[in-house]
Amino acid sequence: MKQIKGTASILIAGMLLLSSCIGVQADISLRPDGSGTLVLEYRFSRMAEALGKLDGNERWPLIPVGKADFERTQERIPGLRLVSFSTQEDKTDQYYRVKLEFADPDVLVRFLDATGQGASLVQEPGKYRLTLTFTEGIDSVDPDLLALLDAVSAGYVLTVNLSFPAEGFLRVYDRDGGSLDALPGMRMVPQGKQVSFTAPLGAVLQYNRGLYMEIRWQPR
């Protein structure tokens, strides 16, 4: 049995860096040989970007996931290839779209990895199990801070879509292993060749019992 651990850098670090000012969608498509594609679409508030420039650091992007970052990541991880990168903006948000190809699930997890705390892949004969940690939960938060978080995160969502060569399974749960039925606004397709999870970002960040995702599939 093989296990790889790390932090889901784009899905997790991006949210932590921008707190509630970012929306993320990740579309992962796996082929029978284990290779696949990952398309990331994310947007963040231009107001947050402007605030980030007030300290004189305007040379550095607010989100450390610009094209140069992906190019450096591609160089560090054999089997990962940056296919395309594009960006656009409107009056309120900056939008990014990135497409990557990975040679096998190990490469995908290495891309998601960072510090060894947030993602793991277990590979057994004929099956895979990928686990992601989106938040470990907050035991006690000031009500005024929660109200602010809810206000500024309005309209931003976290979405994960996965396509498999055969049937796959998706489960979300809290730190005690319980279901997240009480998470406001959550939508999920838990079983099939295509599975998905969507929830308002504010609800994810405020959920005090933590949010974990387990994905299981067979390569063929």
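In short, a report on the structure.

Thresholds applied
Residues numbered from 1 in each chain as written. Predicted model: local features only at pLDDT ≥ 70, side-chain atom pairs only at ≥ 80, totals over all residues. Heavy atoms only, no water. Salt bridge = Lys/Arg side-chain N within 4 Å of Asp/Glu carboxyl O. Helix = DSSP H or I, 4+ residues; strand = E, 2+ residues; numbered from the N terminus. Buried < 20%, exposed > 50% of the residue type's maximum accessible area, 1.4 Å probe, protein only. Core = buried A, V, L, I, M, F, W, Y, C linked by side-chain atoms within 4.5 Å. Contact = heavy atoms within 4.5 Å.

What follows concerns the pattern of salt bridges. Tallied over the entire structure, the rule returns seven salt bridges. With its nearest N and O atoms 3.2 Å apart, the salt bridge here joins Arg97 to Glu41. Note that Arg97 is positioned in strand E5 (residues 93–102) and Glu41 in strand E3 (residues 36–45), a separation of 56 residues in sequence. For Arg97, a relative accessible area of 37% puts it in the partly exposed group.

Looking now at the nonpolar core. Leu38, Phe111, Phe197 and Met213 are the most contacted members of the largest nonpolar core, which has 48 residues in total. At six residues, the largest contribution of residues to this core is made by strand E8 (residues 157–173). Among residues more than four places away in sequence, those in contact with Phe197 are Leu158, Thr159, Val160, Leu170, Val172, Leu183, Met186, Arg187, Met188, Leu211 and Met213.

This part covers the environment of Ala203. Locating Ala203 in the fold gives a position in helix H6 (residues 201–206). What makes Ala203 buried here is its relative accessible area of 15%. In this structure, the C-alpha to C-alpha distance between Ala203 and Leu183, residues 20 residues apart in sequence, is 6.6 Å. Not counting residues up to four positions away in its chain, the partners in contact with Ala203 are Leu183 and Pro184.

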